[in-house]
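# Architecture and fold: a report
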Amino acid sequence: MFKEERNDSLFSWTMLGNIQEGRPNLGPKTDVSVYRLMQFTLRDVLIQKFGVELTDNIFFEAGLSAGLHFYNNLVTKRDSYDAFFAQLQELLKDLNVGILRVEKADFEAKTFTVTVAEDLDCSGLPACEESICTYDEGFIAGLLYAHTGEIFDVKEVDCWCSGGRVCRFDVKPGA
Amino acid sequence: MLNVNEADIDRLTEAIYLLLKGETPTPIALAPGAPENEVTQLTQFINKFIEEYAQFTQAMAALARGNLEFEPPKGHLHALQSMKNLHANLRHLTWKTQQIAKGDFTQQIDFMHDFSTAFNGMTLQLKQAFERIEQQNQTLAEANRVIQEEKEKSDRLLLNVLPARVADELKQTGKTLPELFDDVTVLFSDFVGFTDMSAQIKPELLIDQLNELFTQFDSIIEDNGCERIKTIGDAYLAVCGMPAPNPVHCHNIVKAATEMVAWLKKRNAVSEFQWRIRIGIHTGPVVGAVVGVKKYIYDVFGDTINTASRMESHSEPMRINLSDSAYQRVKEAFLFEERPSCMVKGKGQMRMFFMAE
């Protein structure tokens, strides 16, 4: 199930398990540093094995898959962009992922600028002139693909690591 | 030992002085071949600061003017980051407000302290006000629907006693004036032996019978573009050519009369009660007017009505009797037989024509 060889994705939401049953005392939440410990050690090893570019691609694609499954399993308000963004904002807040804010949205042109404050991946990281939220880029692209069936180009233009205090993502229709 | 050029220190001092004075200095030019020393490094840092500070002040000024349509500059200044946060929040608030303006009152602002409380409170108030208005609109719509239904009822009632054109005039102006119509055809009918019949059957049954007969007559009259004016006991008075002019008024009335007789014959063949009518038709001028103030009745007046009545009384059961003036209008369209001229009370000798059976 988890360790089968594969060429296509075998991920399913059930792989997350029954957390309530499995963690009756500790519950579904953990410390952000634990999440980051896994993310950055994983990134560290991946870069060693495959280099920065391929590692970024891996994180983007993992985020894309996460966005798709997140949408299909948790997002219920799918009638319009307005309702979708409103629910997404609530979900990310309730799950302590980050504070999503829509700065600009042109639904006809399908261009958006969204920010994520207190982002799970990067808020508080040391400044290093790098945009680190590749997984988030994929996650947003996955959500929008699930919502519209269309490919979007998501680019992080501000990141805590590059000196910002929020992560800002520019979204436009993909090539 | 660091050699410090006094002029370099002056330029640095001037730049800092201008910044403190609220002005934006131009970057300090480094002399070609300037040595890689602490002064050069300080100059480069101050130039970098001047550049980022200039971008920050420009963006901040735009923000202060309410302009949110700019891309915030890059940089690490803490003040710049705070401004970018403010810019992002204001753009987000703008978007949220647009959503609320579109009617989505579920939109909430989070993590903006007092502003969130105030904004969300305002949204809630708007939601409640909107719901109140919606409810009032529904109540109003329901009241309008009832009023409209009542109006339609009263219009229908009005149309039962007044011709449509007269009813419209009365509704729009509150009054109608008597009007002379030069060329109108009048139909008068009467049931033969009605008085005897009324003595033989119960009043309720009699009224039922009359109701059925007159309802059918009304239908025939309406289908032929004519207007029922009134019934007087068992008599039935209808006109054509007024209040709306109709060039084929006589043709329409005659056709309606033939249909009335035909229907009655068919009915008599299967009914327990045998009714027979006499019909008289005459063409001439008529005055139409609404009579009454509270109980409106549209009535017709003039010698033409009396003559039509005389044509009816000189008719025979299940026959249609036309005066000469009516006959002249339709003699080519229907078959007639001329009757011997009759002495008509108050009119003298008159030519009359039966419609051929």
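Here we come to the overall build of chain B. Scanning chain B for helices and strands turns up 10 helices and 10 strands. When each of the 357 residues of chain B is scored for burial, the buried share is 41%. Put simply, 60% of the contacts in chain B that link residues at least 6 apart link residues at least 24 apart. As displayed, chain B has an accessible area near 20800 Å², and 56% of this comes from carbon and sulfur atoms.

This part takes up the interface of chain A and chain B. In this complex, chain A contributes 25 residues to the contact, which on the side of chain B involves 23 residues. Approximately 2000 Å² of surface area, both sides summed, lies buried where chain A meets chain B, with 44% of it carried by carbon and sulfur atoms. Along the contact surface separating chain A from chain B lie five salt bridges. Residue Asp110(B) pairs with Lys93(A) through a salt bridge whose shortest N-O separation is 3.3 Å. Counting the contacts that link chain A with chain B gives 11 residue pairs in polar contact (both at pLDDT 80 or more). Secondary-structure elements contributing two or more residues to the side of chain A that touches chain B are α4 (81–94), β1 (99–106), β2 (111–117) and β3 (152–158) of chain A. Each residue belonging to the side of chain A that touches chain B can be placed in one class, and the counts come to nine nonpolar, six polar and 10 charged.

Glancing now at the layout of surface pockets. Residues and elements named next belong to chain B. Volume-wise, the second largest pocket comes out at about 360 Å³. What lines the second largest pocket is a set of 14 residues, among which Leu159, Asn160, Glu222, Glu227 and Arg228 lie closest to the centre. Of all the secondary-structure elements, those providing two or more residues to the lining of the second largest pocket are α4 (113–161), α7 (203–223) and β2 (227–232). Taken together, the residues that form the lining of the second largest pocket break down as nine nonpolar, one polar and four charged.

Residue and element names in this part refer to chain A. Side chains of Phe11, Leu16 and Ile19 sit close together on the surface and give an oily, nonpolar patch of about 230 Å² of accessible area. Take leucine 16: it is sitting in the segment before α1 (19–22). Relative accessible area serves as the criterion here: at 43%, leucine 16 is assigned to the partly exposed category.

This part is about the packing of helix α2 (residues 38–64) of chain B against helix α3 (residues 78–101) of chain B. Residues and elements named next belong to chain B. The interhelical angle for the contact between α2 and α3, taken along N-to-C directions, is 30 degrees, at an axis separation of 10 Å. Taken together, the axis directions place α2 and α3 in an arrangement best described as roughly parallel. When the axes of α2 and α3 are compared, the crossing they make is left-handed. Contacts between α2 and α3 involve Phe56, Ala59, Met60 and Leu63 from the first element and Ala79, Leu80, Met83, Leu86, His87 and Leu90 from the second. Among the residues making up the contact of α2 with α3, the classes are represented as nine nonpolar, one polar and no charged.

Residues and elements named next belong to chain B. According to the stated counting rule, one finds one cavity of 30 Å³ or more in the structure shown. Space inside the largest cavity adds up to approximately 70 Å³. Around the largest cavity, the lining residues are Arg165, Val166, Glu169, Thr176, Leu177, Glu179, Phe181, Pro243, Gly288, Ala289, Val290 and Tyr298. The set of elements that each furnish at least two residues to the lining of the largest cavity consists of α5 (164–173), β1 (179–191) and β4 (277–291). Across the lining of the largest cavity, the residue classes tally to seven nonpolar, two polar and three charged.

How each quantity is defined
- Residues numbered from 1 in each chain as written.
- Chains lettered and ligands numbered in written order.
- Predicted model: local features only at pLDDT ≥ 70, side-chain atom pairs only at ≥ 80, totals over all residues.
- Heavy atoms only, no water.
- Helix = DSSP H or I, 4+ residues; strand = E, 2+ residues; numbered from the N terminus.
- Buried < 20%, exposed > 50% of the residue type's maximum accessible area, 1.4 Å probe, protein only.
- Contact = heavy atoms within 4.5 Å.
- Areas by Shrake-Rupley, 256 points an atom, 1.4 Å probe, with all protein chains shown as cover.
- Buried area = accessible area lost by both parts, 1.4 Å probe.
- Salt bridge = Lys/Arg side-chain N within 4 Å of Asp/Glu carboxyl O.
- Polar contact = N/O pair within 3.5 Å; in protein donor to acceptor, adjacent residues only side chain to side chain.
- Nonpolar A, V, L, I, M, F, W, Y, C, P; charged D, E, K, R; others polar.
- 1 Å grid on protein atoms, 1.4 Å probe; cavity = no way out; pocket = protein on both sides within 12 Å on 5 of 7 lines; lining within 4 Å.
- Points joined across faces, edges and corners; volume = space filled by probe spheres on them.
- Patch = residues over 30% accessible without salt bridge, like charges linked within 9 Å, V, L, I, M, F, W, Y side chains within 5 Å.
- Axes fitted to C-alpha atoms, helices over the stretch in contact; angles between N-to-C directions.
- Parallel < 35°, antiparallel > 145°, perpendicular 65-115°, else oblique.
- Left-handed = near helix turned anticlockwise from the far one by under 90°.

Keep in mind that these numbers describe shape and distance, not what the molecule does.
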